[in-house]
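Fold and geometry: a report
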Amino acid sequence: FSLFFCFPDEFKAFLKKLPTDHFLNTSAVLKFWTSDLVLQRRYGLLEASTKVVLGKAIKIVRKLFALSKRCPTQPKISLPRERTLGFWLNKAQSLLYCSEHGVYGSFSEEMHGCICAAEQRTVCQGNVPCKVGEGTLCSSCAPDNITRCGTCLPGSILHMGFCRPNIANSLDHYVNFDFDMPDAEMRHLLQRLDSRMEVHAIYISNDVRLGSWFNPAWRKRMLLTLKSNKNKSNLIHMLMGISFQICSTKNSTLEPVPAIYVNPFGGSHSESWFMPINQQDFPDWERTKLDASLQCYNWTLALGSKWKSFFETVHIYLRSRIITDDPTVNETLFYEPLDLEDHSANLGYMKINSLKVFGYSMHFDPEGIKDLILQLDYPYTEGSQDAAFLMLLEMRDRINRLSPPGAQPLDLFSCLLRHRLKLSSSEVARIQEALQSFNAKLPNSTEPELSQLCS
């Protein structure tokens, strides 16, 4: 017998408090159950009194068994079985969803439907509302048909009463990422210094003139830049390799040690990242000898598809170290400043004949991206705001996925907004906050920790 036959008013009041505009699973019913203090207090009193009655019944049963030892037939005694909390939660679901036409059935969460008596298989089945909230893409059921979804969560679209993930539209109109070349083919073209792989950049240096001999003492600074905002505002560029041809005078005791910094989208030199050449599994320079008389070498660094990244300017710092076969000498011991009193070492001179970057350029529409950003606040049509959010999130993630190696990936997307779209720091921060807020509402969303490169 149900305990609630003793106090139907409390249970009826509890049922009336349960929302009927969406489906309640066992966990949801439990939350309402535990928050109903009147019900809890009454249920606790009945539970305690039932234990007392059950204890007395057990004693009577034992006496009956003792008295019936000599009887020809043993008595059949049945005690009321304990009703667990799960029973009452399911009872609430059954009364909500399986009590049509005055016929009562039992609700099954596995079937998401009712189990009715054999002779009344579908009579007790009521309308089971749609599922909403966590684990679903639905935010509310349709008012005209509660069994179907009426409104979807951000990032989803409604189709025939069901929600499905809204896939971001193609980004090709804004940024074209599609360029895949096998590493073997890229390496072959790079070794040949094939002009089809070269991205033509402007060489700038106050320290070194191409094709002229120079004293290798002290650090030399050079850079290759594209000046995209001025010359190629509709392109962004991918770095896949660097090559330079350097010569030394015969019997020189110095060898070059280049250090590379890459600026992805413009801005100051401080907004560049350092290439960890020959660290962990990052590639190293490949040197190919060209001229025996002048000791000329081609130095080539092939990044390949694995380490490719965006670039606007490549900064090269050239230092020199003394060539030695002694393993005890620290090879990072640079020879600077020049010791004029030491005439025993033949320092020699160096000459850089060429300095090139290799990769490819991609279509880029800054005005189109600005228009997408504008729709975050002023959507053109219903649904265009979510579409803009999804496209910008896809763009952000694909750009940041090409972050260089490091302890944490870099926030390259902010650099793009700051320097190629020329947005202020406050605008960039506002856009990033809006994207993070929208992304947090999407199912199974994650927000990786990023290091800031650009101010």
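Structure's up top.
First, a word on scope: everything that follows refers to the structure included in this document. Just so it is clear, the model here is predicted, and its values are computed rather than measured.

**Considering the overall build of the protein chain**
- Scanning the protein chain from terminus to terminus reveals 11 helices and 18 strands.
- Residues counted as buried form 40% of the 455 residues belonging to the protein chain.
- Approximately 26200 Å² of the protein chain is accessible, and the part contributed by carbon and sulfur atoms is 52%.

**Some remarks on a positive patch on the surface**
- On the surface, a cluster of positive charge is contributed by K56, K59, R62 and K63.
- Tracing the backbone shows K63 in helix α3 (residues 37-67).
- Accessibility expressed as a relative area gives 59% for K63, which makes it exposed.

**A word on the sheet that holds strand β12 (residues 254-263)**
- Here five strands make up an open sheet; going across it, the order is β8-β10-β17-β12-β13 and the pairing antiparallel. Edge strands, defined here as strands with exactly one partner in the open sheet, are β8 (202-204) and β13 (273-274).
- Note that β12 and strand β17 (residues 313-322) share 10 bridges and pair antiparallel. Pairing of P256 across the sheet is with S320, part of β17.

**A closer look at the packing of helix α9 (residues 384-400) against helix α10 (residues 412-420)**
- For the pair α9 and α10, interaxial distance at closest approach is 7 Å and the crossing angle is 110 degrees. The angle between α9 and α10 places the two elements in the roughly perpendicular class. Counting all contacts with α9, which are made through L392, M395, R396, I399 and N400, the residues of α10 involved are L412, F413 and L416.
- Residues belonging to the contact of α9 with α10 are distributed by class as follows: six nonpolar, one polar and one charged.

**Focus on the state of the cysteines**
- Taken as a whole and assessed by the stated rule, the structure comprises seven disulfides.
- Across a sulfur-sulfur distance of 1.9 Å, C98 and C114 are joined as a disulfide pair. The sign of the S-S torsion, about -85 degrees, decides the handedness of the disulfide formed by C98 and C114: left-handed. With C98 in the loop between α4 (85-97) and β1 (106-108) and C114 in strand β2 (residues 113-115), this pair connects stretches of sequence that are 16 residues apart.
- For C98, a relative accessible area of 0% translates into the label buried.
- Two residues share a disulfide in this structure: C415 and C454, whose sulfurs sit 2.0 Å from each other. The sign of the 105 degrees torsion about the S-S bond sets the C415-C454 disulfide as right-handed. Pair noted here: C415 is in helix α10 and C454 is in the segment after α11 (425-441), with a separation of 39 residues, a long-range link.
- On the basis of relative accessible area, C415 is assigned to the buried category, the value being 1%.
- Judged by its relative accessible area of 10%, C454 is buried.

**So, the nonpolar core**
- Core analysis: the biggest nonpolar cluster contains 77 residues, and L239, I260, M275, F310, I369, M395 and I399 have the highest contact counts within it.
- By residue number, the principal contributor to this core is α9, which donates eight residues.
- Summarising the domain contributions, this core has at least three residues from each of domain 3 (183-325 + 344-363) and domain 4 (366-440).
- Discounting chain neighbours no more than four positions away, the residues touching L239 are V262, M275, L303, K308, S309, F311, V314, V357 and F358.

**Things to note about the environment of P19**
- The residue P19 is located in the loop between α1 (8-17) and α2 (26-35) in this model.
- Apart from residues no more than four positions distant in its own chain, P19 is found in contact with L24 and F32.

**Here's the deal with the side chain of E198**
- Mapped onto the secondary structure, E198 falls in strand β7 (residues 198-199).
- Of note is the side chain of E198, whose polar atom sits 3.5 Å from the side chain of H200.
- Setting aside residues up to four positions removed in sequence, E198 forms contacts with K356, V357 and F358.

**Some details on the pattern of salt bridges**
- Summed over the entire model, instances satisfying the criterion amount to 10 salt bridges.
- Between E198 and K356 there is a salt bridge whose closest N-O contact spans 4.0 Å. With E198 in strand β7 and K356 in strand β18 (residues 350-363), this pair connects stretches of sequence that are 158 residues apart.
- Among the residues examined, E198 registers a relative accessible area of 19% and is labelled buried.
- Counted as one network, the salt bridges with shared partners bring together R192, D194 and R196.

**Topic: α4**
- The end-to-end C-alpha separation of α4 is 19 Å, in line with the 18 Å expected for 13 residues at 1.5 Å each.
- Residues W88, L89, A92, Q93, S94 and Y97 constitute the buried set of α4.

**Here's the deal with the packing of α10 against α11**
- α11 packs onto α10 with a crossing angle of 140 degrees between their chain directions and a minimal axis gap of 9 Å. By the angle between their axes, α10 is oblique relative to α11. The two elements α10 and α11 meet at a crossing, and its hand is right-handed. For the pair formed by α10 and α11, the contact residues are F413, S414, L417 and R418 on the first element and S425, V428, I431, Q432 and L435 on the second.
- Here the residues of the contact of α10 with α11 sort into five nonpolar, three polar and one charged.

**With respect to the packing of aromatic side chains**
- The tally for this structure, following the rule as stated, stands at 14 aromatic pairs.
- The interplanar angle of 75 degrees and the centroid separation of 5.5 Å between the aromatic rings of W33 and Y43 together place this pair among those described as edge-to-face. Of this pair, W33 sits in helix α2 while Y43 sits in helix α3, and the two are 10 residues apart along the sequence.
- Residue Y43 is classed as buried on the basis of its relative accessible area of 9%.
- Both rings, one in F389 and one in F438, keep their centres 4.5 Å apart while their planes meet at 5 degrees; by these two values the pair is stacked. Taken as a pair, F389 in helix α9 and F438 in helix α11 lie far apart in primary sequence, 49 residues in all. For the pair formed by F389 and F438, the shared burial category is buried.
- One aromatic cluster in this structure is built from F14, W33 and Y43.
- Directly above the ring of W299 sits R287, whose terminal nitrogen or CZ lies 4.6 Å from the centroid.

Definitions and limits used
- Residues numbered from 1 in each chain as written.
- Predicted model: local features only at pLDDT ≥ 70, side-chain atom pairs only at ≥ 80, totals over all residues.
- Heavy atoms only, no water.
- Helix = DSSP H or I, 4+ residues; strand = E, 2+ residues; numbered from the N terminus.
- Buried < 20%, exposed > 50% of the residue type's maximum accessible area, 1.4 Å probe, protein only.
- Areas by Shrake-Rupley, 256 points an atom, 1.4 Å probe, with all protein chains shown as cover.
- Patch = residues over 30% accessible without salt bridge, like charges linked within 9 Å, V, L, I, M, F, W, Y side chains within 5 Å.
- Salt bridge = Lys/Arg side-chain N within 4 Å of Asp/Glu carboxyl O.
- Lys, Arg positive; Asp, Glu negative; His and termini not counted.
- Charge placed at Lys NZ, Arg CZ, Asp CG, Glu CD.
- Pairing = 2+ DSSP bridges.
- Axes fitted to C-alpha atoms, helices over the stretch in contact; angles between N-to-C directions.
- Parallel < 35°, antiparallel > 145°, perpendicular 65-115°, else oblique.
- Contact = heavy atoms within 4.5 Å.
- Nonpolar A, V, L, I, M, F, W, Y, C, P; charged D, E, K, R; others polar.
- Disulfide = S-S within 2.5 Å.
- Core = buried A, V, L, I, M, F, W, Y, C linked by side-chain atoms within 4.5 Å.
- Domains from an automatic or database assignment.
- Polar contact = N/O pair within 3.5 Å; in protein donor to acceptor, adjacent residues only side chain to side chain.
- Expected span 1.5 Å × (residues − 1).
- Left-handed = near helix turned anticlockwise from the far one by under 90°.
- Phe/Tyr/Trp six-rings, centres within 6.5 Å; stacked < 30°, edge-to-face > 60°.
- Lys NZ or Arg CZ within 6 Å of the ring centre and 35° of its normal.

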